[in-house]
Amino acid sequence: MRTSIIAFALGVWLCQRLPVLPSFGWMLFASVISAVVGVVALRRVRTGRRMAVICLLAFVVGTFWAAVRAHLRLSDELPMQLEGRDVVVTGVVDELPQRLDGGVRFVMQVESSAEPVPERILLSWYGARGRRGEQADDGGEPPEVRPGERWKLAVRLKRPHGFANPDGFDYEAWLLERGVRATGSVRGKRDNVLLDPLVHGPMVFVHRLRESIRERFLATLSDAEYAGVLVALAIGDQNGIPQAQWTVFRKTGIAHLVSISGLHVSLAGLMVGGLVGWGWRRVPPLALRCPARKAAAIVGLVVAAGYALLAGLGIPTQRSLVMLTVVVVAMVLGRETAGSRVIAVALLCVLVVDPWAVLSAGFWLSFGAVAVILYLLSGRLQRASGWRAAAITQLGITVATIPALLVLFNAFSLVSPVANAFAIPLVSFVVTPLALLAIVLPHAWILELAHWLTGGMMRALECLAALPFAMWQHAAPPALLAAAGVIGVAWLMLPRGTPARYAGALAVVPMLTWSPPRPAEGEFRMTVLDVGHGLAVHLQTAEHDLVYDAGPAYGPGADAGTRVIIPYLAASGVGRIDRLVVSHDDLDHTGGMDALFDGVPVLALVSNLPAQRVRSQSAAALPCRAGERWRWDGVDFEVLHPAQEHPSGPDNDASCVLRIAGAAGAALLAGDIERAAERSLVARAGPKLASDVIVVPHHGSRSSSSPAFGDAVGAEVAVFSIGYLNPFRHPHPAVWARWAASGAHNWRTDSQGAVRIEVTADGVRTSAQRMLDARYWHGR
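Residues numbered from 1 in each chain as written. Predicted model: local features only at pLDDT ≥ 70, side-chain atom pairs only at ≥ 80, totals over all residues. Heavy atoms only, no water.

## Examining the overall build of the protein
Here comes step 1: Summing up its helical and strand segments, the protein has 27 helices and 25 strands in all.
Here comes step 2: C-alpha extents for the protein along the principal axes are approximately 100 × 65 × 60 Å.
Here comes step 3: Relative to its full complement of 780 residues, the protein shows a buried share of 50%.
Here comes step 4: Taking the contacts inside the protein whose residues are at least 6 apart along the sequence as the reference set, 67% of them involve residues at least 24 apart.
Here comes step 5: Working note: accessible area of the protein is about 35,700 Å², and carbon and sulfur atoms make up 62% of it.
Here comes step 6: Here the protein carries 71 positive and 61 negative side-chain charges, and the mean point of each set is 12 Å from the other. (Helix = DSSP H or I, 4+ residues; strand = E, 2+ residues; numbered from the N terminus. Buried < 20%, exposed > 50% of the residue type's maximum accessible area, 1.4 Å probe, protein only. Contact = heavy atoms within 4.5 Å. Areas by Shrake-Rupley, 256 points an atom, 1.4 Å probe, with all protein chains shown as cover. Lys, Arg positive; Asp, Glu negative; His and termini not counted. Charge placed at Lys NZ, Arg CZ, Asp CG, Glu CD.)

Shown next, in the form of structure tokens:
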């Protein structure tokens, strides 16, 4: 059974790797053929080979099931012609709204609309000042939005769309798993009407309760530093935790403790169930009617389900509850078998309910952690107990998850065993129970005590996070090396006395020491990252790394540096930026600059920014003016514009223009220059502008890319760094056509993702992320 379930899971996983879903007709045909062949094979093959046939059939069923679910979910889509148009919808606010700076974000379950829109949409409603400070349509503040309210709203929608960068977060997959099939914003004011303050539904009461708990916690703790942590532990709302605290959790490896997951749900059930079992044994009539162990398990499951509901029954919590339900049902029915079999059944149930679970890092880490616990605590002649068992288990989980953490997050915490040693018991057995007790008993001192304990824990964690060796950051290893690392870790954790047990560590070393291949001498690689409406380019030579522009800011605490550039550099194995070139002082080019200074060592900053705009004290400040040049690893860099260090005129025309020339080709980065600067460049630089690759100036605005400039550059590849459905409607059709007519092959980041150009001895090779890593849900 376990083998066939694994085969089913592999089929589900394969379906989620497909660039295009097979049609219903093809799937039906393949399923019928597989069933016929399987039945015939089961009758004719020997008993020893039947398991192989069963596994093959399970694999086909898994693929078929995931594909059918995907077809059904994708069928609920927003027609392309409705993107960017105002549509009036009526629906009910679902889940707990998320507070934003000057706005609110919430999920709406659509009940009716004049146009065909998806049933479940994610909306943002901004007030007098929009997301980036621009004036909103209505000129007023958005009203308070509560779960269960029925609204009639004018909205502007778009299909699910996220950034597509190497090893980046797939926002479109995240939305797909949650059934959100369109995102957008609330527009205007006249058409927005509250129709019903409370629409009764199965989860409305739960979300209203969660909202009231959140408000009471925040009111009691007022401006307390760690109030967001206590809210997260009580009701699963993590939006109140600031980014700085998440950084501490990530560096110390305890982020799982502030997410209501299997650990919290199971412990809540275990604690209450244990108390019930203790009392049950002391009432003979009850103990004779039902064994205390089964009664405790049933009550524990009910409590765990209640806690999961209080947490909003999110996708990770649902997975944990399904796993726990399988374990309890097996116990109550007297079908207790090997732990591995119970976990296999739980795996089957999770994937039947949610075939997109295999896309989540939490899925792999949660099942992996359970598998490691079973592996460590079973099959041993002498089992550890008490604190020794806990220490061995925690250390084993830390070591065993290293390959997965490197593949999924490009890093793992070296101080995690120490941090978890005191954080797990404190959070699980003291802080979380106090937070839950404060829900039932609304006494301020309970929350204040929980906050005081959390503050003490955080101070210890901050000390650990500040250590220079707290995090091991490394490029994501290839699949073969990651598999070797998993095998090595498994061998390393074999029972004591196993011959050459420590030789397993040798299989882990290649994964930890591998580095991605870099360009050869005289060659370079350029990646135009997908950052939305803005620009960020990474340029790499044999031994040096340059970043040109830092992308836009997305809102308070969110920018391209944190969300895109730093994770991309970590996945690429880049530990420092030799030079950061900032073309000019526009927010869509400087939005992530401070995050880069905080997150990556920057040796030098090349810009004409005022000194007060630069927060870094360690990076050498170099001016950006025409004539500045340097040479790295056989590749020449030259600044062509501006002609003076502090140019006058429009800021766009003061952009720093950089030309990179290798042995076999050149690239031109032109910032946001417009026609005046282009004329100046053509007159001054002339032949120096000739390049094989250009990142098109000003995102393809019609105020740039004059015919004379295009002729002088003569590019074979033109890259447009633009945001999806951006309000400026870049690129202008005339500019797009002009570069194409000049002989360039046009590329765009909004529809193709990050664009990678490799200039090697074989010439110029260009590829795009959405082509290299296509998935069936992209653009749907």
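Picking up where we left off.
## What to know about the state of the cysteines
Here comes step 1: All chains considered together, the criterion is met by one disulfide.
Here comes step 2: A disulfide bridge connects C624 with C656, and the sulfur atoms are separated by 1.7 Å. In this structure, the disulfide formed by C624 and C656 twists by about 85 degrees around the S-S bond and is classed as right-handed. Here the residue C624 occupies a position in the loop between β16 (620-622) and β17 (629-632), and C656 occupies one in the loop between β18 (635-641) and β19 (657-661), the gap between them amounting to 32 residues.
Here comes step 3: Judged by relative accessible area, which is 0%, C624 ranks as buried. (Disulfide = S-S within 2.5 Å.)

## Section: the sheet that holds strand β22 (residues 717-720)
Here comes step 1: Read from one edge of the open sheet, seven strands run β17-β18-β19-β20-β21-β22-β23, paired in mixed fashion. Each of the sheet's edge strands pairs with one partner strand only, and the pair in question is β17 and β23 (745-748). Ignoring strand direction, the axes of neighbouring strands in this sheet form an average angle of 20 degrees.
Here comes step 2: Pairing geometry for β18 and β19, over five bridges, is antiparallel. Within the sheet, the bridge partner assigned to H641 lies in β19 and is V657.
Here comes step 3: On the sheet, helix α23 (residues 675-684) packs against β18 and β19 and is oriented at approximately 120 degrees with respect to β18.
Here comes step 4: Sitting on the sheet, helix α25 (residues 733-741) is in contact with β21 (693-695), β22 and β23, with an inclination near 140 degrees to β23. (Pairing = 2+ DSSP bridges. Axes fitted to C-alpha atoms, helices over the stretch in contact; angles between N-to-C directions.)

## Concerning the packing of aromatic side chains
Here comes step 1: Summed over the entire model, instances satisfying the criterion amount to 12 aromatic pairs.
Here comes step 2: What links up through ring pairs into an aromatic cluster is the set F363, W364 and F367.
Here comes step 3: We note R501 situated over the ring of Y502; from NZ or CZ to the ring centre the distance is 4.8 Å. (Phe/Tyr/Trp six-rings, centres within 6.5 Å; stacked < 30°, edge-to-face > 60°. Lys NZ or Arg CZ within 6 Å of the ring centre and 35° of its normal.)

## Digging into the side chain of H641
Here comes step 1: Its location among the elements puts H641 in strand β18.
Here comes step 2: With a relative accessible area of 6%, H641 lands in the buried category.
Here comes step 3: Sequence-distant contacts of H641, defined by excluding residues within four places in its chain, comprise C624, A626, D653, S655, C656, V657, I673, A677, L681 and R684.

## Comments concerning the environment of V107
Here comes step 1: Within the element layout of this structure, V107 appears in strand β2 (residues 103-113).
Here comes step 2: Assessed through its relative accessible area of 8%, V107 is described here as buried.
Here comes step 3: With 301 residues separating them in the primary sequence, V107 and L408 have C-alpha atoms 28 Å apart.
Here comes step 4: For V107, the contacting residues outside a window of four places in its chain are V92, V93, D94, E95, R120, I121 and L122.

## Quick look at empty space enclosed by the protein
Here comes step 1: For the structure on display, the rule yields three cavities of 30 Å³ or more.
Here comes step 2: Roughly 50 Å³ of volume is contained in the largest cavity.
Here comes step 3: Considering the residues around the largest cavity, the lining is formed by I315, Q318, R319, V322, V350, V353 and D354.
Here comes step 4: Secondary-structure elements contributing two or more residues to the lining of the largest cavity are α11 (315-332) and α12 (339-353).
Here comes step 5: When residues of the lining of the largest cavity are assigned to their parent elements, the largest contribution, four residues, is made by α11. (1 Å grid on protein atoms, 1.4 Å probe; cavity = no way out; pocket = protein on both sides within 12 Å on 5 of 7 lines; lining within 4 Å. Points joined across faces, edges and corners; volume = space filled by probe spheres on them.)

## A look at the packing of helix α5 (residues 204-221) against helix α6 (residues 227-235)
Here comes step 1: Between α5 and α6, the least distance of the axes is 10 Å, while the angle of their chain directions is 155 degrees. As summarised for this structure, α5 and α6 are arranged roughly antiparallel, according to the angle between their axes. The handedness of the crossing between α5 and α6 is right-handed. When α5 is examined against α6, the residues R210, I213, R214, F217, L218 and L221 are found in contact with a partner set consisting of A227, L230, V231, A234 and I235.
Here comes step 2: Of the residues belonging to the contact of α5 with α6, the class tally is nine nonpolar, no polar and two charged. (Parallel < 35°, antiparallel > 145°, perpendicular 65-115°, else oblique. Left-handed = near helix turned anticlockwise from the far one by under 90°. Nonpolar A, V, L, I, M, F, W, Y, C, P; charged D, E, K, R; others polar.)

## Description of the pattern of salt bridges
Here comes step 1: Tallying each qualifying case throughout the model produces 24 salt bridges.
Here comes step 2: D237 serves as the salt-bridge partner of R214, at 2.9 Å between the closest nitrogen and oxygen. One end of the pair, R214, is in helix α5; the other, D237, is in the loop between α6 and α7 (243-252), with 23 residues separating them in the sequence. Of the two residues examined, R214 and D237, each falls in the buried class.
Here comes step 3: Between R625 and E628 there is a salt bridge, with the nearest N and O atoms lying 3.2 Å from each other. (Salt bridge = Lys/Arg side-chain N within 4 Å of Asp/Glu carboxyl O.)

## Structural notes on unusual backbone geometry
Here comes step 1: In the segment running from H641 into P642, the intervening peptide bond is cis, with an omega of 5 degrees.
Here comes step 2: Topologically, P642 is positioned in the loop between β18 and β19.
Here comes step 3: Here the residue pair H730 and P731 is connected by a cis peptide bond, since its omega of 0 degrees sits within 30 degrees of zero.
Here comes step 4: The topology assignment puts P731 in the loop between β22 and α25.
Here comes step 5: If you check the backbone angles, E95 has positive phi at about 65 degrees while not being a glycine.
Here comes step 6: Along the chain, E95 turns up in strand β1 (residues 86-100).

## Quick notes on the sheet that holds strand β14 (residues 579-581)
Here comes step 1: Read across the sheet, eight strands follow the order β16-β15-β14-β11-β10-β9-β24-β25 without closing on themselves; strand pairing throughout is mixed. A strand with exactly one partner marks an edge of an open sheet, and here the two such strands are β16 and β25 (763-768). Strand-to-strand twist across the sheet, computed as the mean angle between neighbouring axes with direction ignored, equals 15 degrees.
Here comes step 2: Pairing analysis gives six bridges linking strand β24 (residues 755-760) to β25, with the strands arranged antiparallel. Residue pairing for β25: T760 is matched across the bridge by G763.

## So, a nonpolar patch on the surface
Here comes step 1: Together, I6, L10, W13, L14, W364, V407, L408 and F409 make up an exposed nonpolar region whose accessible area comes to about 720 Å².
Here comes step 2: Looking at the nonpolar patch, the elements that each hand over two or more residues are α1 (2-15) and α15 (402-409).
Here comes step 3: Of the residues forming the nonpolar patch, the biggest block, four residues, is contributed by α1.
Here comes step 4: Structurally, L408 can be placed in helix α15.
Here comes step 5: For L408, a relative accessible area of 33% puts it in the partly exposed group. (Patch = residues over 30% accessible without salt bridge, like charges linked within 9 Å, V, L, I, M, F, W, Y side chains within 5 Å.)

## Some thoughts on the environment of Y568
Here comes step 1: By secondary structure assignment, the location of Y568 is in helix α20 (residues 560-571).
Here comes step 2: The spacing of Y568 and A683 is 115 residues in sequence and 38 Å in space, taken between C-alpha atoms.
Here comes step 3: Leave out the neighbours within four places in its chain, and Y568 touches P166, T527, L529, H538 and R756.

## What to know about the packing of helix α16 (residues 416-440) against helix α17 (residues 444-465)
Here comes step 1: The contact between α16 and α17 brings their axes to 9 Å, and the two run at 165 degrees. Put simply, α16 runs roughly antiparallel to α17. Once α16 is placed against α17, the crossing between them reads as left-handed. Contacts from V418, A419, F422, A423, L426, V427, V430, V431, L434, L437 and A438 in α16 reach I446, L447, L449, A450, L453, T454, M457, A460, L461 and L464 in α17.

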